[in-house]
Every structure is written in C-alpha cells, then in structure tokens.
Amino acid sequence: MELKFRVAARIAKPVHEVFEAVADPKTLSEYFTTGGADGRLETGATVTWDFADFPGAFPVYVTEVVKDEKIVLEWQASEGEPHNVEGAEQKDSDYRTKVTMRFKGLDDGRTLVEIAEEGWRENQGALSASYGNCQGWAQMLCALKAWTEHGINLREGMYI
C-alpha cells in the first residue's frame, strides 16, 4: 500500500494569476500561511511557512518550479494526528513527503489546480497524518479560490 492522495479545484482566474497566488509569499500569507511565508517558491529555495493557528515556522524545500505549470516541494513528514486537532499529539519523523502542485489553464479561462502528496511510511501514524494533510490541502484550495475570486480569507478564525 502506498500512502498518497490528490485533491483538485477549478479557480475562475487565469493560470498565471492563480500560480502567482501560490508562489508569491505575500499573497500566500493573505489566505493560507496566516503567520507568514518567507521566500518565493522557486527551484532550489528553502522557504519558511508559519500558520497563526499552528505557531512555529517550519521549512519548505522547493525542488522544482515550472512557471504557471508546476511547483514541487518537500517538507517534514509527520506520523501522528494533525496539528489542528485540539489536544492531539503530532510526531515529526526523520523523512520528508513530496507535494506536487499542477496548474492548468482551461479553455473557459479558469485554472485547474491539482495538489498531490506522497511519500509517507506505511504505518498507522503516517496514515493518520496523510488524512490530515489531505484535509489541509483541500482547505487550501478552497481558501485559494475564495481569495483569488472574491478577496475572502477563509482561514481567518477557522481553527482558533
């Protein structure tokens, strides 16, 4: 069994605008990394992401970026309950998972965004963590859509 998932959403904005809403740390901080993002998502960069609702910045390792098409990053794997479950314990592991974001312009002017994550070990803690990350990336896509289409920050007050 390979632990991996894929989530997707269609955003009613051109592909370049949607790509930039993820790659640009200032914009990403408006709707997702509510504690701030430090550094643009560019090939070879190590940036930090912080979430006001999960205090403590952590590194994100950007392995590949193709402008307006793809962002590939790695980050510390966890084997435990997600950070946002009150009272739950999160155990960081000694390996990383891989996140691939794909951006595709559609004929109707919208952008299809797909986010896949893979690379967890095969154990119950990693399975639980993968479910938490799947939920988080689905929420990120909802927040991206609300922000880019309507200027609404869905994360504000959602977790704390």
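This text follows the structure it describes.
Keep in mind that this is a model prediction, so the values were computed, not measured. (Residues numbered from 1 in each chain as written. Predicted model: local features only at pLDDT ≥ 70, side-chain atom pairs only at ≥ 80, totals over all residues. Heavy atoms only, no water.)

Please give an account of the packing of aromatic side chains that cites residues and values.
The geometry of an aromatic ring pair is captured by the separation of the ring centres together with the interplanar angle, meaning the angle of the planes. All chains considered together, the criterion is met by ten aromatic pairs. Joined through ring pairs, the aromatic side chains of F32, W49, F51, F58, W75 and W137 make up one cluster. The cationic tip of R96 hangs over the ring face of Y61; the distance from NZ or CZ to the ring centre is 3.5 Å. (Phe/Tyr/Trp six-rings, centres within 6.5 Å; stacked < 30°, edge-to-face > 60°. Lys NZ or Arg CZ within 6 Å of the ring centre and 35° of its normal.)

Lay out the side chain of E117 with the relevant residues and their values.
Tracing the sequence through the fold places E117 in strand β7 (residues 111-118). Despite its burial, E117 remains without a salt bridge, the nearest opposite charge being carried by R96 at 11 Å. Side chain to side chain, E117 and W75 meet in a polar contact 2.8 Å long. Setting aside chain neighbours within four positions, we find E117 in contact with L3, K4, F5, W75, T97, K98, V99, N133 and W137. (Helix = DSSP H or I, 4+ residues; strand = E, 2+ residues; numbered from the N terminus. Buried < 20%, exposed > 50% of the residue type's maximum accessible area, 1.4 Å probe, protein only. Lys, Arg positive; Asp, Glu negative; His and termini not counted. Salt bridge = Lys/Arg side-chain N within 4 Å of Asp/Glu carboxyl O. Polar contact = N/O pair within 3.5 Å; in protein donor to acceptor, adjacent residues only side chain to side chain. Contact = heavy atoms within 4.5 Å.)

I'd like to hear about the nonpolar core, residue by residue, with values.
Inside soluble globular proteins, nonpolar side chains tend to come together where they are buried. Counting 40 residues, the largest nonpolar core has W49, W137, M140 and L144 as its most contacted members. Per element, the largest residue contribution to this core is eight residues, and it comes from helix α3 (residues 124-150). (Core = buried A, V, L, I, M, F, W, Y, C linked by side-chain atoms within 4.5 Å.)

Can you break down the state of the cysteines residue by residue, with the values?
If you walk through the whole model with that rule in mind, you get zero disulfides. You can see C134 has no disulfide; the closest cysteine sulfur is in C142, sitting 11 Å from it. With relative accessibility at 46%, the residue C142 sits in the partly exposed group. (Disulfide = S-S within 2.5 Å.)

Before we move on, could you go through α3 and cite the residues and values that matter?
The terminal C-alpha atoms of α3 lie 39 Å apart, and with 27 residues this matches the ideal 39 Å at 1.5 Å per residue to within 8%. Once α3 ends, the next one or two residues include G151, with phi positive near 70°. (Expected span 1.5 Å × (residues − 1).)

So, the packing of helix α1 (residues 15-23) against α3: which residues are in play, and what are the values?
The N-to-C vectors of α1 and α3 enclose an angle of 120°; their axes lie 11 Å apart at closest approach. Between α1 and α3, the interaxial angle falls into the category oblique. Two packed elements cross with a definite hand, and for α1 against α3 that hand is right-handed. Touching E17, V18, A21 and V22 of α1 are M140, L144 and T148, all from α3. Partitioned by chemical class, the residues of the contact of α1 with α3 number five nonpolar, one polar and one charged. (Axes fitted to C-alpha atoms, helices over the stretch in contact; angles between N-to-C directions. Parallel < 35°, antiparallel > 145°, perpendicular 65-115°, else oblique. Left-handed = near helix turned anticlockwise from the far one by under 90°. Nonpolar A, V, L, I, M, F, W, Y, C, P; charged D, E, K, R; others polar.)

Tell me what's going on with the pattern of salt bridges, and back it up with residues and numbers.
If the charged atoms of two oppositely charged side chains come close together, the side chains can form a pair. Applying the stated criterion to the full structure yields nine salt bridges. A salt bridge links E64 to K70; the shortest N-O distance between them is 3.3 Å. Using a relative accessible area of 31% as the deciding quantity, one classes E64 as partly exposed.

I'd like a description of the pairing of strand β3 (residues 46-51), backed by residues and values.
The sheet contact formed by strand β2 (residues 36-38) and β3 spans three bridges and is antiparallel. Paired with A37 across the bridge in β3 is W49. Strand direction decides the pairing type here: β3 and strand β4 (residues 54-66), joined by five bridges, are antiparallel. Following the sheet pairing, W49 is matched in β4 by F58. Turn length for the β3-β4 hairpin, with the two strands adjacent in sequence and antiparallel, is two residues. (Pairing = 2+ DSSP bridges.)

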